[in-house]
Amino acid sequence: MIEKKHPPLLSVAGSIICRFDSDGRITKCDGELTKEAFSSGNNIFEICDFLYGTVESLVPGDQASLAGIHHVFNGHELIIDAAVLHDDDGSFVLMMRDETSRYQAINQLNQQRNEADIMQHRLSRQNEQLEILKDVAETAVRTRTKFLATVSHEIRTPLNALIGFVELLTEQELTSAQARQVSAIQAAGQSLTGLLNDILDLSKIESGKYQIDNKPFSLLKMLEGTVGLCRNLADSKGLNLSIESGQDIPKQVVGDRMRLSQVVLNLVTNAIKFTDRGHVIVRVKVADSTDTSELVEFEVEDTGRGIASDKQQQIFEEFSQNQAGDANELGGVGLGLAIVKQLVNAMGGNIEVKSEPGRGSNFRIRLPLERVVEGSQKVVRSGIDAAGLDLLNDIYVLLAEDNRLNQQYVREILSARDCKVSVVGSGEAAIQVLKTEPIDVVFMDVLMPEMNGDEAIKEIRENLLFPLNKIPIIVLSGKTGNDEATRLLNLGANEILVKPYQPDALIRVLVETLEKSSSTESAEVDNRISNDISAEMIDIYRSETPNYLRDLLLALYAQNERRFNFQAHKMQSAMWVMEYMETYEILARLENESLSFEQRYALCEQVCRAVENSLRPIK
Amino acid sequence: MQKKILLVGDFGVGKSSLVERFVYSRFSEEYKSTIGVVISKKELNLEGLVLKFLIWDVAGEREISEVPASYYLGCSGLLFVFDLTRPETWVGMSQRLETIRQMSKSDNIIVVGNKSDLCEPSQIEQVLDKIGVRVDAVTSARSDDNVDRAFHELGRRIVND
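Only a predicted model underlies this, so the values are computations on that prediction, with no experimental measurement involved.

Engineer: A description of the side chain of Lys4 of chain B should follow, citing residues and the corresponding values.
Structural biologist: Inspection of the secondary structure assignment puts Lys4 of chain B in strand 1 (residues 2-8). Separated by 3.4 Å, the side chains of Lys4 of chain B and Thr54 of chain A make a polar contact. Other than its neighbours up to four places away in sequence, Lys4 of chain B contacts Tyr52 and Thr54 of chain A together with Leu54, Trp56, Ser70, Tyr71, Tyr72, Leu73, Gly74, Cys75, Ser76 and Gly77 of chain B.

Engineer: Give me the lowdown on the sheet that holds strand 17 (residues 495-498) of chain A, citing residues and values where you can.
Structural biologist: All names here are of chain A. Here we have five strands laid out as an open sheet, ordered 14-13-15-16-17, and parallel in their pairing. Single-partner strands in this sheet number two, and they are strand 14 (420-424) and strand 17. For this sheet, the mean inter-axis angle between neighbouring strands, taken without regard to orientation, is 20°. Pairing of strand 16 (residues 473-477) with strand 17, which is carried by four bridges, proceeds in the parallel orientation. Paired with Leu476 across the bridge in strand 17 is Leu497.

Engineer: Please give an account of the pairing of strand 10 (residues 293-302) of chain A that cites residues and values.
Structural biologist: All names here are of chain A. In terms of burial, strand 10 is largely enclosed, as eight of its 10 residues are buried. In terms of strand pairing, strand 9 (residues 279-289) meets strand 10 through nine bridges, oriented antiparallel. Across the sheet, residue Lys285 finds its bridge partner in strand 10, namely Glu297. Two strands pair when backbone bridges link them, and strand 10 and strand 12 (residues 360-371) are joined in this way by nine bridges, in the antiparallel orientation.

Engineer: Describe unusual backbone geometry, with residues and values.
Structural biologist: Looking along the chain, the bond that leaves Phe466 of chain A and enters Pro467 of chain A is cis, with omega of 5°. Tracing the sequence through the fold places Pro467 of chain A in the loop between helix 13 (453-463) and strand 16. Even without being a glycine, Glu579 of chain A presents a positive backbone phi close to 65°. Position of Glu579 of chain A among the secondary structure elements: in the loop between helix 17 (561-577) and helix 18 (581-592). With a phi angle near 50°, Glu47 of chain B is a residue other than glycine that sits in the positive phi range. Structurally, Glu47 of chain B is set in the loop between strand 2 (37-46) and strand 3 (49-58).

Engineer: Please provide a residue-by-residue account of helix 12 (residues 427-436) of chain A, values included.
Structural biologist: In an α-helix, one turn spans 3.6 residues, which is why side chains three or four residues apart end up on the same side. Where helix 12 of chain A is concerned, the buried positions are Gly427, Ala430, Ile431, Val433, Leu434 and Lys435 of chain A. Those residues of helix 12 of chain A that are buried are in contact with strand 13 (396-400), strand 14, strand 15 (441-445), helix 13 and helix 16 (535-558) of chain A.

Engineer: Any chance you could break down the interface of chain B and chain A for me, citing the residues and the numbers?
Structural biologist: Accessible area lost when the parts come together is the quantity often used to give the size of an interface. Taken together, the contact between chain B and chain A spans 25 residues of the former and 29 residues of the latter. Carbon and sulfur atoms make up 56% of the area that chain B and chain A hide from each other, which totals about 2,300 Å². If you look at where chain B meets chain A, you find zero salt bridges. Where chain B meets chain A, there are seven residue pairs in polar contact (both at pLDDT 80 or more). Where the side of chain B that touches chain A is concerned, the elements lending two or more residues are strand 1, strand 2 and strand 3 of chain B. The element that contributes the greatest number of residues to the side of chain B that touches chain A is strand 2 of chain B, accounting for four residues. Across the side of chain B that touches chain A, the residue classes tally to 11 nonpolar, seven polar and seven charged. In this structure, strand 3 (residues 63-73) of chain A lies alongside strand 2 of chain B, joined through two bridges in parallel fashion. Note on strand 2 of chain B: the bridge partner recorded for His70 of chain A is Val38 of chain B.

So, how was this worked out
Residues numbered from 1 in each chain as written. Chains lettered and ligands numbered in written order. Predicted model: local features only at pLDDT ≥ 70, side-chain atom pairs only at ≥ 80, totals over all residues. Heavy atoms only, no water. Helix = DSSP H or I, 4+ residues; strand = E, 2+ residues; numbered from the N terminus. Polar contact = N/O pair within 3.5 Å; in protein donor to acceptor, adjacent residues only side chain to side chain. Contact = heavy atoms within 4.5 Å. Pairing = 2+ DSSP bridges. Axes fitted to C-alpha atoms, helices over the stretch in contact; angles between N-to-C directions. Buried < 20%, exposed > 50% of the residue type's maximum accessible area, 1.4 Å probe, protein only. Buried area = accessible area lost by both parts, 1.4 Å probe. Salt bridge = Lys/Arg side-chain N within 4 Å of Asp/Glu carboxyl O. Nonpolar A, V, L, I, M, F, W, Y, C, P; charged D, E, K, R; others polar.

Fair warning: the whole summary comes from geometry, so function is off the table for now.
As structure tokens, then:
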């Protein structure tokens, strides 16, 4: 602002102080730079043209301070502070001081500050753009994952039927030409299934939905089982396929058996594929160990074509095929090793390859695996034994599936194992059958008309009485992914079988489900062992009572009075022996009293609750 | 006819670059912050009338009110420059323009959105919609878009004032 009071005019070293008359002519000038500075003229505007406008604006008594004026004096650019005073007599006083050094120092600081500000601004803009790009990328991944899951479902369902029927065809007598054709269809179907699985695996890994399942398993059994799957392929090429294991391999380790098996299977299959003569050896040894875990080293060595050194890293990238040149002739789309690497990394390990063209390859995996102290964990079954298959004898399976091809496929697989099968086409019909037939296990499709699989499972789990609400349910799903599996398990499914599935897979999951449902966990009744109630009696009670109760409920729903009274009577003796007198009394009423359906249902509910409690595991 | 004009606006919006482009027809990618005031001269020919501009390129302050009052003395018009890519240089613009009007006692203010070369046309439209103040020129000192036009527009307003 214009100041009204004159400051004292001091002659300061490095300063110029000049007085001009009212016409702007110099009347007096003091200062070190005077001569040089004012040689260009003797008029205030000639000397300091920047004062144009400012001087005219001043009225007598006013002063203007101008800081940091860039001005050229005789070719020298200076930065000056200036002050102009309009004296009361009409004359002007101009004071200037060279402040170039000071301003340059300030300028440097400002420059840094401004550059930092601009850099911060640019960074925040880049961050915003990165966020946008990240959102776009995530959306694209989600869309792709969803698309793949949907397409896989659509492809898997018919593929399931195709592969299954081809499998059944192979069990029939065929001419040699037919056998070759069927074999070709089988190979094509398996190739398509493998490709689908690879794409889905990769999509799951990329979307971060891949979970590593850590459970105890036998490392050697896993290797034997996995390598065994490749035996025929190796034999057909005349290759020697073997396993060499170190003495120090622990019997049991904790890890993801299925994923590790997938990794080994992929490497061994690849090795066989690219080896025309010689051997494929799978080695396993402990590379390092701590008190609780082992660093296990797996090697898959072959005498095949080998990989050029400049291609050895590319082979782990998606859609790359570099085993000694073009591998299209051998099939595949180049996803296998990319999946292997991602799986190994996800399990906390690493993979490397050593290879020489024409002399073979050696893939080495190092994986940390927790050791299982013997006796502390249950041994995990890797296959189905005779005892497992015995469980299938005379079981009654309900299949809820609306696709007629799939109905027939499952019916034929189960009938071949002497299972009784009842087939329905909707969830609603499945529930009706559960109320009338002594079903042991249910195969439930997800997508069905009227009541779908989800709704049916919910209805069974929430609204049917014990033990009908505990019926084992195996969901047949065309969708894959942990999210889908978690959703179905949370809904109440016991197991999930992903389409397309081989007959073996269906039987395996059925046996495992039946085993689990009949597993012997400690229960309330275990506490009742006494002089009068033996452990054997408890075993009989636990195995037979749910069936008695189920038959009672079936008779209730069927409103078959004679059968109902008979079942109520049958259960009474069990309750009496086990000294569940309250339940015994209810059952006696059910047998002897003339009751309406609703009254019977209410009393049955009490019996179901009591029996369920008596079988509940002890916490 | 000689007239003093000021360029004001936040630091880094390109005031000095506009002056460099207008006065010397050049552009530098290097950013140098201005300290104090750099005064340049340029003659404009407005339909036969020669106007001498004394252009005060005032250091970009964080607040317009921080520009020393003495700088505005004898000023005939101003260019208020903002950066189309930095919202902080145009937020609260109407209030800042009012402050400038009060301090300069001039209504000859040209509002200039600079760095149009860094924006898509649609982005510029969005910015102009958001500002809520009439923008007189969208310029690019780098690509020499509308720079002369902005100064000439100010000259015309001053002459017609």
